[in-house]
Every structure is written in structure tokens, then in C-alpha cells.
Amino acid sequence: MKKRPLCAICILFLVIQSVRVLFFGVEEMQPSALERAVSCGEKQVELAGTVYRIEQKKKVTAVFLKDSTVSAADQTFNESEILVYISQNETERSTGLKIGNRIAVSGEAETFEPARNPGNFDQKTYYLRQGIHVLVWAEQYSIQSHAAKPVRQFLSEIKGRWNELLLRHLGDYYGGTMSAILLGEKSGLDAEMKTMYQKCGISHLLAISGLHMTFLGMGIYNLLRKAGCGFALSGMAGGILLILYSLMIGAGVSSLRALIMFLVRIGAEITGRDYDLLTSLFLSAAILCFQQPLYLTDAGFQLSYGAILGIALLSPVFSEMFGCAQISDRKRRLERRKTGRLLWLQDKGTTALLWGLNGLSTSLAVNVLLLGPLLWFYFEIPPYSVFLNLIVIPVMPVAMGAGVAGSALCLLSDPVGGVVLQSCGGVLRCYDQVCTWAGMLPCDRFVAGKPDGIWIVAYYLVLAGLWLLFRYITGKREREEEQRNSRDTIINNSRDTITNENRRPCRESRRSCRFPGCGMLVFAVGMALICRGGSRLPDEVQVTVLDVGQGDGIHIRQDSFNCLIDGGSSDVSSVGTYRLEPYFLSRGWMRLTMYL
């Protein structure tokens, strides 16, 4: 096993940060002075701050301020970051705002809401991770300083125009989807399409991730390298492009992770060092968690890092389970033999089989490692996502490439660029159709409910034990093969005898290498079934009073009896989508027995 001292230091740092967050808390979790004042009833505030981000939403314009000075009830507070909503009737005026402007705002402040019911979205924690404690609804505002940050403002304007171009050529439905894929702009995303992608397990396509960074950064890097440019120039060009792209899209956790890992990879190539995936992964995690420890509790952080960790650690386990090494050996033997049509067909068939099994191994590795966060945050498992991702991920670069190329061509010829952009719509239509077919299959959703934390810990301890067993078996097999090769070299006359004597232990080691992968699959399925069974209450009645606004919201359940009394509300929008459905999913229920 490789020695990774930097990786070990980063892991130790992450463990310390995890202990801080889980048991001792961090400074970001403490209420700010303004938050305490607003909680005590001081609603009317006046503030002045510097604009560092602007987001256009459907009904309001979200303006993010930093270095703010706030006055409330004859008191003055310094707030590092504040979110200001400008209402729709002020939208035309807000279009004059630029990043870097210093503005004065007067309005009503409020704190963010925690989760109203079990399983609901925790708005307060979400904004705490961004360092924001208070929301202000602007009644009046004025620009005190027109000083702007030209680079950030230029990137923001490009993003807005690019978004408009996609919507104009692809329509609101597919244009909003491509805007989310390319620009990270999810305000125009269709709610039904987003839900469909999530239920099918392909919602990661709508997030800016390593796929985007690899496509853009490595694309520029490889293009310049083939053109004869040096490592340093190519790496700097790719790195600068990705930094500007990250600034434009409003860098999230997954995009920052991919950016840092790309920069580490390019740095390794420039300096002539070997690139180590795990070291790069944990180094990026340590950098992000040094800046914001609460990222450790974020679903996006856990899913993004868990996916790469699964590929790095568990893909070899499942590749061994499927016998990919033996198939690869067979492919090499076919390539050494004389050419012929039959051998050519066998070689192509072996190549396709190897590609499929490697893809399936990677998909299984990601899903097995991410089972804990999926159950904890989303309460359900899309069973067919393992196979759907084998279809949708290889096609995604086509949609991204067409989106970038078509948008660039629109600068030269709008009709020509529009034709290229239509291919993006074709790919997205295929995605919709695949998701529709998957939804027609039996057991397309497996709702397990939210497990207890002890089950999550036990699950990953078992996974770790099986992985260590796999490493032990493969290490033992490698040592046996090295000993056999050295003996075959020394005693040439008895090579056949020695090979036959040592072939059986090697085959037995290969068979034993398949046990950890099978054990991981069986335990993952068992974990899901245990969580589903744990949500049942055979011998007791449970009554839960839910916050649904105007309505009783009383949920009664016992065994298979599941009744909701008065779940309607007129003062809470989409109460079923945002308050009732997440609660029932967290409890492992998909249907009501009775509704009163």
C-alpha cells in the first residue's frame, strides 16, 4: 500500500473538525448579535453593505452583502454577511446594482426557519453554512458607492446573457435544465423534472461537479498540449479558465472540490510528480473544512466526496467480483493472436463486456458508499440508478459540448448556433424518456425512511472491515504471484511443473477476492431492508402533530394503519411537497391508509 503522509494528515484534521462540529460546536453555529436582536423582536433595521453576489429569482432579487453595518433599536451591529430580498416591484431598479456596489437598505429583518417537521428542509442550517444569519426584506434601498469589481461583474453579466440565450433557443423547460447543467442556475429549473431526476437517481447531472471541470479544464489543457504548448502554460490556461468559471457560477462545494483537485493534478504534472487521487481528495476536503467546518454536515459535500471515495476504494472490489482482470487478460491474449473475422468479433465483444463491467463496478461502488447519506438526507433509494447512470453519464459530455459550442456559435450566427443547441434538447428528451420508462418498472422507488445514526456507523464499520479483508487477500495474492514468478525465473527446466503447482492457490485467491464485493452488496441490501423494517410500529400507536399552517396536521399510525387528519393549509404554499411528503418519506411511508 502506498505511503501517503499528506493524506493521513488531512484525514486526521477532518476527524478533529468532525468531532468539533458534532460534539462541541463551532463559532458559525452561534447566533450573531443581529440574530439575537431580531429574535427578541427588533424587526425594523437599517444597514449598509457591499454587494458580492446577485441572484435573480422568480419573485425577488436576492442580493448578498458582506461587511455590513446594521442599526436596529438604537444599537449598531457588524454583520459579516446578510441576505437581502428586493421585492418584484423593485426589480427594475435592482437591475442597476453591480457587484462591488455599497448600498444602504431599510426594511424588515427575520431569522431563518429550522426544519418545521421531521424530514423537512432546514433553512437555518443551510444558510449557516454560508455564514448568513439574517434575511432582510428591503422596503427601500439606495446605492452609496458605484465602485464595482469589474471581473466579477463581467462574469455575472455573461452568466445572465448565457442563461437568456439558452431559454430563448430551448424554451423554459429544456433551457432551464441546460442553464442548471452549464451555469448552476437552478431558479428556472422545472420542479417536476427536478423531482423526476431525483427519484431516478440522476439528479447529480444538474449540479456543477467534476464532470464539468474535467470537460472544460482538461479539454483546454489537452488541446494546448497537443498544440505543442508546455505543461506550465497549458496548466495555467486550464486553471485560470476553471477559476473564472467557478466565480461565474457561484462556486458550490462540488465545484470547489473539483477545482482544487484539478489544480493539484496539474501541479503534479508540471512538477513531474505522480498524481495521487486520494491525497488530492482529502487535501481539498481539508481546505474546504478549514474555511467552513459545517460543510461536513452538508449533503452536497458528503455526496460529492463520497462518490470519488467510492470510485477510488470500492471500484477495485467490485471489478474483482466481476472478474474484470481475467477478462482483461483474455483481451490481451486475443490481441496477440493472428487477425481474423472471428477473433476480431471476439475481441470487440470482450472489449464491450469489459467496458460494461467496469462501468457497473464504478456505479455499484458509488451507490454502496453513498447509501448512508442517501438514506439520511433523502430517505429513499432509486434501485435502477445503478443502470441508468451507465446510460446517462457517457452521453452528458455530448450535451455539454453542444451547449458550449452552440452558445459560442450564436455569437457568429444565431440560427446556426440554435441548430447546434437543439442537440442538447435531444439529449434531454432522451433522458426524460429513460426516466419515464424507469418509473414504469416495478419497485422504481424504495422508501426506507431515515435510519438511526448507530445504523449508519455500523454500516460503514462493516464496509471498512470488508475493504480491509479485500486488501489483505489481494496483497497475499500479489505476494504469491511474485514468489511464483521468481521461482519460475530461477528454475527454468521445471517451469511448467511449478506453474501448475502454484496455479491452484492463485485461483483460490481470486475466488476469495470476490467475497468482499458480494458481502458489501448483501449488507447494503440488508441495511436498506433493516431501515425499512425499523420504520414500522407493530405494538404501539404513534401520534405526531405536524406544522402545516392552518390545519390540525395530526398523523396517527400503528402497524399498517396510517391516517392523516386535516393536512390542508391555505397560508403555506406547496404544503404537501415541502412539509408533508418529506415527513412521510422520513418515516418510511409512501401511502396513507386514511385521510380525514
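Each value, and the rule that gives it
- Residues numbered from 1 in each chain as written.
- Predicted model: local features only at pLDDT ≥ 70, side-chain atom pairs only at ≥ 80, totals over all residues.
- Heavy atoms only, no water.
- Pairing = 2+ DSSP bridges.
- Helix = DSSP H or I, 4+ residues; strand = E, 2+ residues; numbered from the N terminus.
- Axes fitted to C-alpha atoms, helices over the stretch in contact; angles between N-to-C directions.
- Parallel < 35°, antiparallel > 145°, perpendicular 65-115°, else oblique.
- Contact = heavy atoms within 4.5 Å.
- Nonpolar A, V, L, I, M, F, W, Y, C, P; charged D, E, K, R; others polar.
- Buried < 20%, exposed > 50% of the residue type's maximum accessible area, 1.4 Å probe, protein only.
- Expected span 1.5 Å × (residues − 1).
- Phe/Tyr/Trp six-rings, centres within 6.5 Å; stacked < 30°, edge-to-face > 60°.
- Lys NZ or Arg CZ within 6 Å of the ring centre and 35° of its normal.
- Polar contact = N/O pair within 3.5 Å; in protein donor to acceptor, adjacent residues only side chain to side chain.
- Patch = residues over 30% accessible without salt bridge, like charges linked within 9 Å, V, L, I, M, F, W, Y side chains within 5 Å.
- Areas by Shrake-Rupley, 256 points an atom, 1.4 Å probe, with all protein chains shown as cover.
- Salt bridge = Lys/Arg side-chain N within 4 Å of Asp/Glu carboxyl O.
- Core = buried A, V, L, I, M, F, W, Y, C linked by side-chain atoms within 4.5 Å.

## Re the sheet that holds strand 1 (residues 44-56)
Here is step 1 of the chain: Taken in spatial order, the five strands line up as 1-2-3-5-4 and close into a barrel, and their pairing is mixed. Averaged over all pairs of adjacent strands, the angle between their axes in this sheet comes to 45°, without regard to strand direction.
Here is step 2 of the chain: Pairing between strand 2 (residues 61-72) and strand 3 (residues 75-86): eleven bridges, direction antiparallel. Bridge assignment links Ala72 to a residue of strand 3, and that residue is Gln75.

## Regarding the packing of helix 8 (residues 231-249) against helix 9 (residues 253-271)
Here is step 1 of the chain: Look at helix 8 against helix 9: their axes get within 10 Å of each other, and the N-to-C directions meet at 170°. Looking at the two axes, helix 8 sits roughly antiparallel to helix 9. Facing helix 8, whose interface residues are Phe231, Ala232, Gly235, Gly238, Gly239, Leu242, Ile243, Ser246 and Ile249, helix 9 presents Ser255, Leu259, Phe262, Leu263, Ile266, Glu269 and Ile270.
Here is step 2 of the chain: Partitioning the contact of helix 8 with helix 9 into residue classes produces ten nonpolar, five polar and one charged.

## Observations regarding unusual backbone geometry
Here is step 1 of the chain: Positive phi, normally seen in glycine, also occurs at Phe379, with a value near 70°.
Here is step 2 of the chain: You can see Phe379 is positioned in the loop between helix 15 (371-377) and strand 6 (380-381).
Here is step 3 of the chain: On the basis of relative accessibility, which here comes to 6%, the residue Phe379 falls in the buried class.
Here is step 4 of the chain: Backbone geometry at Cys443 places phi at a positive 55°, although glycine is not the residue there.

## Description of helix 17 (residues 414-440)
Here is step 1 of the chain: Here helix 17 is 27 residues long and its end C-alpha atoms lie 39 Å apart, about the 39 Å a rise of 1.5 Å per residue gives.
Here is step 2 of the chain: On its buried face, helix 17 sits against helix 5 (150-183), helix 6 (191-200) and helix 16 (385-412).

## Some details on the packing of aromatic side chains
Here is step 1 of the chain: Enumeration over the complete set of coordinates arrives at eleven aromatic pairs.
Here is step 2 of the chain: Taken together, the aromatic side chains of Phe112, Phe121, Tyr126 and Tyr127 make up a single cluster linked through ring pairs.
Here is step 3 of the chain: A cation over a ring is seen here: Arg53 above Phe64, with NZ or CZ 3.9 Å from the ring centre.
Here is step 4 of the chain: Above the ring of Phe446, the side-chain terminus of Arg532 is found at 5.6 Å from the ring centroid.

## Considerations on helix 11 (residues 299-313)
Here is step 1 of the chain: The first and last C-alpha atoms of helix 11 sit 20 Å apart over 15 residues, in line with the 21 Å expected at 1.5 Å per residue.
Here is step 2 of the chain: All of the buried residues along helix 11 are Ala299, Phe301, Ser304, Tyr305, Gly306, Ala307, Ile308 and Gly310.
Here is step 3 of the chain: N-cap assignment for helix 11: the residue whose side-chain oxygen lies 3.3 Å from the backbone N of Gly300 is Asp298.

## A closer look at the environment of Ala524
Here is step 1 of the chain: Relative to the elements of secondary structure, Ala524 occurs in helix 19 (residues 495-534).
Here is step 2 of the chain: Put simply, Ala524 and Gly372 are 152 residues apart on the chain and 9.5 Å apart in space, counted from C-alpha to C-alpha.

## Here's the deal with a nonpolar patch on the surface
Here is step 1 of the chain: Residues Val151, Met236, Ile240, Ile243, Leu244, Leu247 and Leu263 make up a contiguous nonpolar surface patch of roughly 580 Å² in combined accessible area.
Here is step 2 of the chain: If one sorts the elements of the nonpolar patch by residue count, helix 8 sits on top with five residues.
Here is step 3 of the chain: On the secondary structure map, Ile240 appears in helix 8.
Here is step 4 of the chain: On the basis of relative accessible area, Ile240 is assigned to the partly exposed category, the value being 47%.

## Thoughts on the side chain of Asn117
Here is step 1 of the chain: Within the element layout of this structure, Asn117 appears in the loop between strand 4 (102-111) and helix 4 (123-128).
Here is step 2 of the chain: A distance of 2.7 Å separates the side chain of Asn117 from the backbone nitrogen of Asp547, its partner in a polar contact.
Here is step 3 of the chain: The contact partners of Asn117, leaving out residues within four places of it in the chain, are Leu546, Asp547 and Arg579.

## Some details on the nonpolar core
The nonpolar side chains of soluble globular proteins are, as a tendency, buried together.
Here is step 1 of the chain: Residues Met178, Tyr197, Ile202 and Tyr431 are the most contacted members of the largest nonpolar core, which totals 46 residues.
Here is step 2 of the chain: If you list the elements that add at least two residues to this core, you get helix 5, helix 6, helix 7 (210-226), helix 8, helix 9, helix 16 and helix 17.
Here is step 3 of the chain: Per-element tally for this core: the top contributor is helix 5, with eleven residues.
Here is step 4 of the chain: In this view, Tyr197 contacts Ile202, Ser203, Leu206, Leu428, Tyr431, Asp432 and Cys435; residues no more than four positions away in its chain are not counted.

## What about the pairing of strand 10 (residues 561-565)?
Here is step 1 of the chain: Looking at chain direction, strand 9 (residues 554-558) and strand 10 are connected through five bridges and run antiparallel. Pairing of His555 across the sheet is with Leu564, part of strand 10.

## A word on the pairing of strand 3
Here is step 1 of the chain: In textbook terms, the turn of a hairpin is the stretch between consecutive antiparallel strands, and for strand 2 and strand 3 this stretch comprises two residues, one of which, Ala73, has a positive phi near 55°.
Here is step 2 of the chain: With four bridges connecting them, strand 3 and strand 5 (residues 134-145) associate as parallel partners. Paired with Tyr85 across the two strands is Trp137, which belongs to strand 5.

## Quick notes on the pattern of salt bridges
Here is step 1 of the chain: Summed over the entire model, instances satisfying the criterion amount to eight salt bridges.
Here is step 2 of the chain: Here Lys124 and Glu35 are joined by a salt bridge, their closest N and O atoms 2.4 Å apart. Taken as a pair, Lys124 in helix 4 and Glu35 in helix 2 (residues 33-39) lie far apart in primary sequence, 89 residues in all.
Here is step 3 of the chain: Of the charged contacts in the structure, one is a salt bridge between Glu55 and Arg53, with a shortest N-O distance of 3.4 Å.
Here is step 4 of the chain: Overall, the relative accessible area of 26% leaves Glu55 in the partly exposed class.
Here is step 5 of the chain: A single salt-bridge network, built from bridges that share partners, covers Arg116, Asp547 and Arg579.

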